[in-house]
Amino acid sequence: MIVSNLPRLQSHWLPIVTSPLTQFFISKTPKKQFFINSTLLSKPLSTTLFTKTPEKNSSTLQESRNQEKFVETPQIELSLEKLFLPPDTDVSSLTTPLSSRVLKGSNIVLSKYASDAQVDCAEFIKSSVKTEECPTDGLPEFALVGRSNVGKSSLLNSLVRRKRLALTSKKPGKTQCINHFKINNNWYLVDLPGYGYAAAPQELRTDWDKFTKDYFLNRPNLVSVFLLIDASIPAKTIDLEYASWLGWNQIPMTLVFTKCDKRKKKKNGGRRPEENIQNFQELIREFFQTAPPWILTSSITNQGRDEILLHMSQLRNYWLKH
Ligand code: GDP
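Conventions we followed
Residues numbered from 1 in each chain as written. Predicted model: local features only at pLDDT ≥ 70, side-chain atom pairs only at ≥ 80, totals over all residues. Heavy atoms only, no water. Helix = DSSP H or I, 4+ residues; strand = E, 2+ residues; numbered from the N terminus. Buried < 20%, exposed > 50% of the residue type's maximum accessible area, 1.4 Å probe, protein only. Contact = heavy atoms within 4.5 Å. Areas by Shrake-Rupley, 256 points an atom, 1.4 Å probe, with all protein chains shown as cover. Polar contact = N/O pair within 3.5 Å; in protein donor to acceptor, adjacent residues only side chain to side chain. Pairing = 2+ DSSP bridges. Axes fitted to C-alpha atoms, helices over the stretch in contact; angles between N-to-C directions. Salt bridge = Lys/Arg side-chain N within 4 Å of Asp/Glu carboxyl O. Near = heavy atom within 4 Å. Nonpolar A, V, L, I, M, F, W, Y, C, P; charged D, E, K, R; others polar. Core = buried A, V, L, I, M, F, W, Y, C linked by side-chain atoms within 4.5 Å.

Student: Looking at this structure, I do not really get the overall build of the chain. What am I missing?
Tutor: Each helix and strand counted, the chain has eight helices and nine strands in total. Burial analysis of the chain (322 residues in total) assigns 51% to the buried set. Across the chain, the fraction of contacts at a sequence separation of at least 24, relative to all contacts at a separation of at least 6, is 82%. Here the chain displays about 15,500 Å² of accessible surface, and carbon together with sulfur accounts for 53% of that area.

What follows is the structure in structure tokens.
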């Protein structure tokens, strides 16, 4: 299918200028509350709408259930205005309750576009040092980006169920590149250089910054950026800056909170992942007109893996049809 001329997914989280309008867009009135750990995927999926939910073989399923038993799922209260409604989702026409359509561990509502979420094959295609060198087949793509050590390679491996695929991006000479991985021969996961690596020379850091931003602004088949944030530590300025830059530039973004299994208090200054996550969202709120989608993950327990893939599928399928 030729998709190179299709428009980029419309941004649904436009940046807002801090003005009285802010009050208008972000209602502080508490509305209906949901608890995100009791939502979709903790219940059977609707068989009609989401027939192609990622399948697990029984041993993997048993394994992840065993792991999940020991992980306390953080509870975050969600009001209606904090939910992410994918484009073309009319709440009033939904046949099932909204709360049952929110992906587990996220604020993301599943739309009719969610399908074909399973990863059957993944292969490394190429490393590029400029946007112009990236693949030209026009297939939709999702970029993974985050601070060094945030868990990007681990998440990439977890998404494609391959232990070492992301090692390709860690080989000498490739850490500073845009690395394309083709999934199921019809879309891409793109691994971007980690930012904020303290030991990197300033010159190099500026350079990465420049070409990554160029990629964000000039890649027409970029459906959404997935910005990884370490949930086990308090918000870092560099992550807040990154999120606000994406917001101001109207680059569609999903926040992926990593390492949600890490619950030791001492190391993260006494804060639990859910506190760090809520705090981060409070801090970026003024840069977004509506709540950006966010999702909790752990590459240890595989929390959030199937949910990310479903979310990607709904964004991708919408993008392909518009
Ligand atoms: P990258 O530099 O962003 O690619 O990060 P890596 O995937 O290499 O991970 C950095 C470190 O964090 C490694 O020691 C991983 O084992 C650890 N890590 C990654 N993801 C998780 C996670 O979900 N939970 C925990 N507890 N540790 C993780």
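Student: Just to check I follow, could you spell out the side chain of D239 for this structure?
Tutor: With respect to the helices and strands, D239 occurs in helix α6 (residues 237–248). A distance of 3.2 Å separates the side chain of D239 from the side chain of R147, its partner in a polar contact. Setting aside chain neighbours within four positions, we find D239 in contact with R147, Y195, L227, I229 and F280.

Student: Sorry if this is basic, but what is going on with the sheet that holds strand β4 (residues 141–146) here?
Tutor: Note: strands within a sheet are paired through backbone hydrogen bonds, in either parallel or antiparallel orientation. The mixed open sheet is built from seven strands, whose spatial order is β3-β5-β6-β4-β7-β8-β9. The sheet is open, and its two edges are formed by β3 (122–128) and β9 (294–296), each paired on a single side. For this sheet, the mean inter-axis angle between neighbouring strands, taken without regard to orientation, is 25°. In this sheet, strand β7 (residues 222–230) lies alongside β4 in parallel orientation, the contact comprising six bridges. The partner of L144 across the bridge, within β7, is F226. In the packing of α6 onto the sheet, the strands contacted are β4, β7 and β8 (253–258), and the crossing angle to β7 comes to about 160°.

Student: Just checking my understanding: could you explain the environment of Q250 for this structure?
Tutor: Here Q250 shows up in the loop between α6 and β8. Here the alpha-carbon distance between Q250 and L217, two residues 33 residues apart in the chain, equals 9.2 Å.

Student: How should the pattern of salt bridges be read in this particular structure?
Tutor: Oppositely charged side chains can pair when the atoms bearing their charge come close. The final tally for this structure, using the stated rule, is nine salt bridges. D88 serves as the salt-bridge partner of K112, at 3.7 Å between the closest nitrogen and oxygen. One end of the pair, K112, is in the loop between β2 (77–79) and β3; the other, D88, is in the loop between β2 and β3, and 24 residues separate them in sequence. Using a relative accessible area of 53% as the deciding quantity, one classes K112 as exposed. Classification of D88 by relative accessible area gives partly exposed; the value is 42%. In this structure, the salt-bridge partner of R219 is E141, at a minimum N-O distance of 2.8 Å. Here R219 is found in the loop between α5 (202–218) and β7, whereas its partner E141 is found in strand β4, with 78 residues between them in sequence. Across the pair, exposure class does not vary: R219 and E141 are buried alike. Counted as one network, the salt bridges with shared partners bring together R161, R305 and D306.

Student: Can you help me understand the site of the ligand in this one?
Tutor: Taken together, the neighbourhood of the ligand is formed by 13 residues, with S153, S154, K170, D261 and S299 sitting nearest. Here V150 contributes a backbone N or O atom positioned 3.2 Å from an oxygen atom of the ligand. At 2.8 Å from an oxygen atom of the ligand is found a main-chain nitrogen or oxygen belonging to K152. In the complex, 73% of the free accessible area of the ligand, which totals 580 Å², lies under the protein chains. Of the residues that constitute the shell around the ligand, the class distribution is two nonpolar, six polar and five charged.

Student: Where do I start with helix α3 (residues 152–160) in this structure?
Tutor: Each full turn of the α-helix corresponds to 3.6 residues, which orients residues three or four apart in the same direction. α3 sits mainly inside the fold: eight of its nine residues count as buried. Every buried residue of α3 is listed here: K152, S153, L155, L156, N157, S158, L159 and V160. The positive-phi residue at the C-terminal boundary of α3 is R161, with phi of around 55°.

Student: Where do I start with the nonpolar core in this structure?
Tutor: Membership of the largest hydrophobic core comes to 34 residues, with the highest contact counts inside it found for Y215, F216, L227, L246, L255 and F257. When contributions to this core are tallied by element, the ones reaching two or more residues are β4, β6 (187–191), α5, β7, α6, β8, α7 (273–284) and β9. Setting aside chain neighbours within four positions, we find L255 in contact with L227, I229, F280, I284, P293, W294 and I295. The next biggest cluster of nonpolar side chains, apart from the first, holds 32 residues, and it includes A117, I183, W187 and L189.

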